[in-house]
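Read off the chains here:
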Amino acid sequence: MLTSLWRKLGLYIPHLILVLGQGLLGLAILENFPGVDFLPFPQGWRILSVVGFGLALPAFLLTYTPLRRYWLVFQGVSPEGRLSYRQSVEYRFLNGLFWGLAYLEVWGIFLALKKTFGFSEAPRTYYDTYSYVVVAEKPLTSAAFWVAERSFTLPLLYKMLGVTLANFNDAGVMYRVAITQKWLSVIAWSGLAITVALSLRQRWMRLVGFTIILLFSLALEVSLWDFLLLSESLSFSFFALVLASWLILLRLGEHEFRGAFLLGGILTLMSFIFMGLYSFTRDSNLYFLLTALIVFLLYLGLKWKTLYLRWPFIGLILGTLVLFGVQNYTLIHGNRWQIHIYDNLKVRIMPDPQARAFFVNAGLPLTPRFLEIQTFSQRQYQVAMVTEPTLQPVREWIEKKGRATYLAYLLSRPLPTLFEPLHHALHLLNGNNTEYRHPLGPLSRRLELIDAIMYPRGVVVLGAFLWLGLIGAIVYWRGQDTHSVWVLVSIFLVSLYPLMFLVWHGNPLEIERHAAQIGVQVRLLGWLALVAVGDGWLMRVEKPVL
């Protein structure tokens, strides 16, 4: 009996050593967290890393590669016994423990890197911060909070954190906001990483997909906003949560199981809440949701007969239309659109004789004071346009005819209007927003390397990402692939030009900041396409290792 027990234990020795090595690596990761020091000797995490890796690597090879066959033969296990070995309770427990530790260790490394980034950044406020705080001070029961000069999501966070006009420049208050934004980002991108992993079928690609999403969220164009009191950090967090909720619903809709209707209802409600918060973080986010509506309509049309749950997607479509109506109402009555006309007049219309003549013919009053402030700085110009009584005739004309005239102007020159966003595509797709940072010191080399890899700026790489995404999406819609991530890739592709058009013609100031999501979604669609292609390829070529 002891001999049999020893032989059985011998089968699992590589797996046990692997888990032990993983545990030591996990302790090394924990010790490497900034501010954590539980080992009694200096640089102890390095020793743990070397020992853990030295144990885990050979054990891994004997557990998850063809070398396992030789170990089982050495243990005298017959071909029939190898199948029993893989189906045993012990193997499944150790296998689950290995994968659980692997995901935890990746997430731990992500948290350590996220915390490290915080040591090189300081919170920072901007002029726009003031306008958000003004809205945050209004009562929740007042229509002035919900229909205001700023969309309500960021003011709502400020209200919850006690940010006021009296304290929003206080270092402690700014730090509280920054830490909250950072943890919301951690939660959101972790949620997206989990749902991407669940959308893949091959176990190794699931871990790769999980890792890629977390590392991508550490890229500067995503993470630098966490310490700035602007809307971008919340926008990206809710963007990730919206994508995660869509992926879960896509997976849920294609599988029948007990409780699917109840779970579908809960997830649809959560998705709608995330979409609402995302949409009301930045007004331009609504147009991303509208393009997603087009893709979901196509999805329903092509998948109608095979979908087990259809109504969640119908709910998302109807919910987007509701958001469109509500947000446009708040945009118009909250007077959020006028500033875009003001800025376009100064930057693009008045310096261009033809554009200027078009607006003058439409009735734009060229008062002496209006002509005078064209030489002001942009901030002085905006303040004058909003506050000076002598400019009231100009404001009244903009209120009555500004939007219609600007739209007519764009339509009067269709080719430049359509092609200008494409001519400036690199500016829109490859913007650099690091000037907004408030660095306390140099960025760590690890984060610089992650940023360079995960957020590539080369034209060839961006073209390859777009090409791979387009080909993969076509294959998916032709029914030759089943990865639900292709729906997200399709949404990114369909929304790309409309968002470029909107950003370019919407406001001529800080275009790179306004185009930040466009750059993010181009890279994200490339990484999603890569993991989906890799998953499909491995599913075709992988053979079970017995």
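Every residue gets a number counted from 1 within its own chain, in the order that chain's sequence is written. Under the rules for a predicted model, residues below a pLDDT of 70 receive no local features and side-chain atom pairs below 80 are neither given nor counted, while totals for whole chains, interfaces and linings still include all residues. Water and hydrogen atoms were dropped before computing side-chain values, which therefore reflect all heavy atoms in the structure.

1. Thoughts on empty space enclosed by the protein
For each structure, a 1 Å grid was placed over the protein atoms alone; sets of points admitting a 1.4 Å probe that cannot get out are labelled cavities, open sets with protein on both sides within 12 Å along at least five of seven lines are labelled pockets, and lining residues have an atom within 4 Å of a point. Grid points are joined across faces, edges and corners, and a volume is the space filled by probe spheres set on the points. Counted by the stated rule, this structure contains 3 cavities of 30 Å³ or more. Quantified by volume, the largest cavity comes out at close to 140 Å³. Lining the largest cavity are 14 residues, and of these R282, S284, N285, H514 and Q517 sit closest to its centre. Where the lining of the largest cavity is concerned, the elements lending two or more residues are α13 (232–253), α26 (485–506), α27 (511–514) and α28 (516–541). Three classes are used: nonpolar for Ala, Val, Leu, Ile, Met, Phe, Trp, Tyr, Cys and Pro, charged for Asp, Glu, Lys and Arg, and polar for all others, with Gly counted as polar. Of the residues assigned to the lining of the largest cavity, the class counts are 6 nonpolar, 5 polar and 3 charged. Secondary structure is summarised from DSSP: a helix means a run of H or I of at least four residues, a strand means a run of E of at least two, and numbering begins at the N terminus for each.

2. Some details on the packing of aromatic side chains
For any pair of aromatic rings, the description rests on two quantities: the centre-to-centre distance and the angle between the ring planes. Stacked, tilted and edge-to-face are the three classes assigned to paired rings of Phe, Tyr and Trp, where Trp is represented by its six-membered ring and a pair needs centres within 6.5 Å; plane angles under 30 degrees give stacked, over 60 edge-to-face, the rest tilted. Throughout the structure, instances matching the rule amount to 35 aromatic pairs. On the basis of an interplanar angle of 55° and a centroid distance of 5.8 Å, the ring pair of Y126 and Y436 is categorised as tilted. In this pair, Y126 sits in the loop between α6 (89–118) and α7 (127–136) while Y436 sits in the loop between α23 (425–429) and α24 (445–454), placing the two residues 310 residues apart along the sequence. Note on exposure labels: buried denotes an accessible area under 20% of the residue type's maximum, exposed denotes more than 50%, and partly exposed covers the range between, all computed with a 1.4 Å probe on protein chains only. Y126 gets classed as partly exposed once you look at its relative accessible area, which sits at 21%. Through successive ring pairs, a cluster of aromatic residues spans F239, W246, Y278, F288, F296, Y299, F313 and F492. Positioned above the aromatic ring of Y132 is the side chain of R150, whose terminal nitrogen or guanidinium carbon lies 4.6 Å from the ring centre. A ring has a charge above it when a Lys NZ or an Arg CZ is no more than 6 Å from the ring centre and no more than 35 degrees off the ring normal. The lysine or arginine in question, R310, covers the ring of W304, its NZ or CZ lying 4.7 Å from the ring centre.

3. Concerning the pattern of salt bridges
The term salt bridge refers to a pairing of a side-chain nitrogen on Lys or Arg with a carboxyl oxygen on Asp or Glu at a separation within 4 Å. Inspection of every chain in the model, using the stated rule, returns 13 salt bridges. Between R437 and E121 there is a salt bridge whose closest N-O contact spans 2.3 Å. Here E121 lies in the loop between α6 and α7 and R437 lies in the loop between α23 and α24, a separation of 316 residues in the sequence. Judged by its relative accessible area of 3%, E121 falls in the buried class. Put simply, E232 and R513 hold a salt bridge, and the shortest N to O gap is 2.8 Å. Remark: R513 occurs in helix α27 and E232 occurs in helix α13; sequence separation between them is 281 residues. Comparing E232 with R513 shows no difference in burial state: the two are buried. One network of salt bridges, in which partners are shared, links D128, R150, E232, R282, E510 and R513.

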